[in-house]
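Next come the chains, spelled out residue by residue.
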Amino acid sequence: MSVLSVRDLSVTYQTTGGGVPAVRGVTFDIDRGEVLGLAGESGCGKSTIGAAILRLHAAATKIEGTILLDGENVLEMKPGRLRAARWSGASIVFQGALHALNPVKRVGDQIVEAITTHQLAGDREAKVRAGALLEQVGLPPRRIDDYPHELSGGQKQRIMIAMALACNPSLVIADEPTTALDVIVQAQVLRLMRGLERELGLAMLFITHDLSVLLEVSDRLAIMYAGKIVEEGPAEQVFHHSRHPYTAALAAAFPEIGDIRFRHRPSGLGGDPPDPQDIPPGCSFHPRCPKAFEDCSSVEPHLYPAGDGRRAACLLIEGALASAKDGAR
Ligand code: SF4
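Values in this document were obtained by computation on a predicted structure and should not be read as measured data.

What counts, and at which threshold
- Residues numbered from 1 in each chain as written.
- Predicted model: local features only at pLDDT ≥ 70, side-chain atom pairs only at ≥ 80, totals over all residues.
- Heavy atoms only, no water.
- Phe/Tyr/Trp six-rings, centres within 6.5 Å; stacked < 30°, edge-to-face > 60°.
- Helix = DSSP H or I, 4+ residues; strand = E, 2+ residues; numbered from the N terminus.
- Near = heavy atom within 4 Å.
- Nonpolar A, V, L, I, M, F, W, Y, C, P; charged D, E, K, R; others polar.
- Buried < 20%, exposed > 50% of the residue type's maximum accessible area, 1.4 Å probe, protein only.
- Contact = heavy atoms within 4.5 Å.
- Pairing = 2+ DSSP bridges.
- Axes fitted to C-alpha atoms, helices over the stretch in contact; angles between N-to-C directions.
- Expected span 1.5 Å × (residues − 1).
- Parallel < 35°, antiparallel > 145°, perpendicular 65-115°, else oblique.
- Left-handed = near helix turned anticlockwise from the far one by under 90°.

Draft legend 1. Structural detail: the packing of aromatic side chains. Under the definition given, this model contains three aromatic pairs. Aromatic pair Y225 and F285: ring centres 5.0 Å apart, planes at 80°, arrangement edge-to-face. Residue Y225 is found in strand β9 (residues 220–225), and its partner F285 is found in the loop between α10 (245–252) and β11 (304–305); the two are separated by 60 residues along the sequence. An aromatic cluster of three or more residues is present, and its members are Y225, Y246 and F285.

Draft legend 2. How the structure looks around the site of the ligand. Neighbouring the ligand are H244, P245, C283, F285, H286, C289, K291, A292, C296, C314, L315 and L316. Taken together, the residues of the shell around the ligand break down into nine nonpolar, two polar and one charged.

Draft legend 3. Structural detail: the side chain of S91. Within the secondary structure layout, S91 lies in strand β6 (residues 90–93). Residue S91 is classed as buried on the basis of its relative accessible area, which comes to 2%. Those residues within four positions of S91 in sequence are excluded, and the remaining contacts are L54, R86, A164, P169, L171, V172 and I173.

Draft legend 4. Seen up close, the sheet that holds β11. Strand order in the open sheet formed by eight strands is β6-β7-β8-β3-β9-β10-β12-β11, with mixed pairing between adjacent strands. Both edges of this open sheet fall to β6 and β11, since each of them pairs with a single strand only. Across two bridges, the pairing between strand β10 (residues 228–234) and strand β12 (residues 311–312) is antiparallel. When the sheet's bridge partners are listed, E231 is paired in β12 with A312. Its contacts with the sheet place α10 against β9 and β10, and it is angled at close to 110° to β9.

Draft legend 5. Examining helix α7 (residues 183–200) more closely. An ideal rise of 1.5 Å per residue puts 26 Å on 18 residues; α7 measures up with 26 Å between its terminal C-alpha atoms. Those residues of α7 that are buried are in contact with β3 (35–39), α5 (123–136), α6 (153–165), β7 (171–175), β8 (203–207) and α8 (211–217). Among the residues trailing α7, G201 stands out with phi positive, at a value near 65°.

Draft legend 6. Geometry of the environment of F239. By secondary structure assignment, the location of F239 is in helix α9 (residues 235–240). Given the relative accessible area of 10%, F239 is considered buried. Each C-alpha atom, one on F239 and one on G327, is 29 Å from the other, the two residues being 88 residues apart in sequence.

Draft legend 7. Local environment of the packing of α5 against α6. Contact geometry for α5 and α6: axes closest at 9 Å, N-to-C directions at 130°. Relative to α6, the element α5 is oriented oblique. Pair α5 / α6 crosses with right-handed handedness. In this structure, α5 uses R129, L133 and L134 to contact α6, whose residues at the interface are I159, A162 and L165. A breakdown of the residues in the contact of α5 with α6 according to their chemical character gives five nonpolar, no polar and one charged.

Draft legend 8. Broad picture of the pairing of strand β4 (residues 62–69). Two elements, strand β1 (residues 4–15) and β4, share seven bridges in a ladder whose sense is antiparallel. Bridge pairing in β4 links V11 to I63. Sheet analysis places β4 next to strand β5 (residues 72–73), joined by two bridges and oriented antiparallel. Within β5, the residue paired with L68 across the bridge is N73. Between β4 and β5, which follow one another and run antiparallel, lie two residues, and D70 among them has a positive phi close to 50°.

Draft legend 9. Examining the packing of α6 against α7 more closely. The contact between α6 and α7 brings their axes to 10 Å, and the two run at 15°. Our classification of the angle between α6 and α7 gives roughly parallel. Our pair here, α6 against α7, has a crossing hand that is right-handed. Here α6 contributes G154, Q157, R158, I161 and L165 to the contact with α7, which in turn contributes V185, Q188, V189, L192, M193, L196 and L200. Its residues assigned to classes, the contact of α6 with α7 comprises eight nonpolar, three polar and one charged.

Spelled out as structure tokens, the structure:
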């Protein structure tokens, strides 16, 4: 059984201007000891998926489909069960450690609180575990008494990773965990996360706009565009032998360090992603696609087998056009 099984997930934000479909029918699994990298430009829905798995969205947000975490549907959990599952079933590491840590509380106490809140241990035992967690993430246990301002950005992110591991979750969601770090620290934190995932046999969902980062840590990649997965498969295959033109554009476009604009539009890719309330008919990528042809503006592609374990939602895949036209009849 997979640690996480997501089936036909759709997430719609409710706004005064109407529903905004941010995720549209996404399906994937993550097994124990596996890292799935989720990539795409800003606004493609990848962080929305991460938040939906832990039901962190506002109550008005409409979430449809199934999210099985260790076989239990997160969308049907009662509040008490959901609170427990949020740390001991799945935890999340966000980008902004600076903002996620309480600035007036020692970091060790923050880890202890995560453990005792979930009644996994008393204060004394939890403090011993907090020290062990610091070692596990490459920090000397004496840093347990530090306040966040006494730590560097990379050290703070290591504290966030320690907190995410505090209750022995089976799934860790890492949402742009290294984006705010410089390139050397980023490499160290990526190595640490990959090492922990292997050592602890975790399932991991790693979310970032940066495909080159995902290649470092992921077993499989899923590429999102306009709320849907448009290509998925083994990381090396998807990155080096992309079958979807959008993946190829992402793979060819390396971000310039510190250039926030890359998050919104990778260099070399013209135009912008569509407004979620005004998704183009046919292939949603067709207005930007260098390989678009006539049928692309009217026939919607689904994910088709694309060789070597990949699947891609492109009408250029062998047999895809006929299959899509058949399905539309
Ligand atoms: Fe490009 Fe057409 Fe393939 Fe969409 S279906 S990615 S527009 S070639």
